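Chain by chain, the residues:
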Amino acid sequence: VQLQASGGGLVQAGGSLRLSCVASGSFFRNSDMDWYRQTPGNQRELVATISRGGITNYADFVKGRFTISRDSAKFTTYLQMSNLEPEDTGVYYCHARYYPGWYTSDYWGQGTQVTVSS
């Protein structure tokens, strides 16, 4: 089981980036997917979630700016980030909570760096 995150980079404030997280297999379809981030000096925090059924939730600090989506055919989760702010700078991680049956398993991607310049 692997999650491969990509799409980070350097962008000016007000700009946009789209992060992608590709899962290694069909466990994706039975997983709720999340994006977390770790900004400098802070703990890792939840940014956005999308359930197996497509229900989304967002942290207050990204509402209206970020959109999470998923493509089951491509085993991929996306995070479209718009109107980026310097405070969004950090390492972004994708996470899967897999529901194979009565238990759950958690998997993490390797992280992708997002840097927003002012």
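Residues numbered from 1 in each chain as written. Predicted model: local features only at pLDDT ≥ 70, side-chain atom pairs only at ≥ 80, totals over all residues. Heavy atoms only, no water.

Within the secondary structure layout, Thr39 lies in the loop between β4 (31-38) and β5 (45-50). Note on Thr39: relative accessible area 7%, which makes it buried. Polar side-chain contacts of Thr39 include one of 2.8 Å to the side chain of Asn42. What Thr39 contacts, discounting residues up to four positions off in sequence, is Glu45, Glu87, Thr89 and Gly90. (Helix = DSSP H or I, 4+ residues; strand = E, 2+ residues; numbered from the N terminus. Buried < 20%, exposed > 50% of the residue type's maximum accessible area, 1.4 Å probe, protein only. Polar contact = N/O pair within 3.5 Å; in protein donor to acceptor, adjacent residues only side chain to side chain. Contact = heavy atoms within 4.5 Å.)

Structurally, the position occupied by Ser82 is in the loop between β8 (76-81) and β9 (90-98). The partly exposed category is assigned to Ser82, whose relative accessible area is 27%. In sequence terms Ser82 and Ala13 are 69 residues apart; their C-alpha atoms lie 9.4 Å from each other. Once you skip the residues sitting within four places of it in the chain, Ser82 turns out to touch Gly15, Ser16, Arg65 and Phe66.

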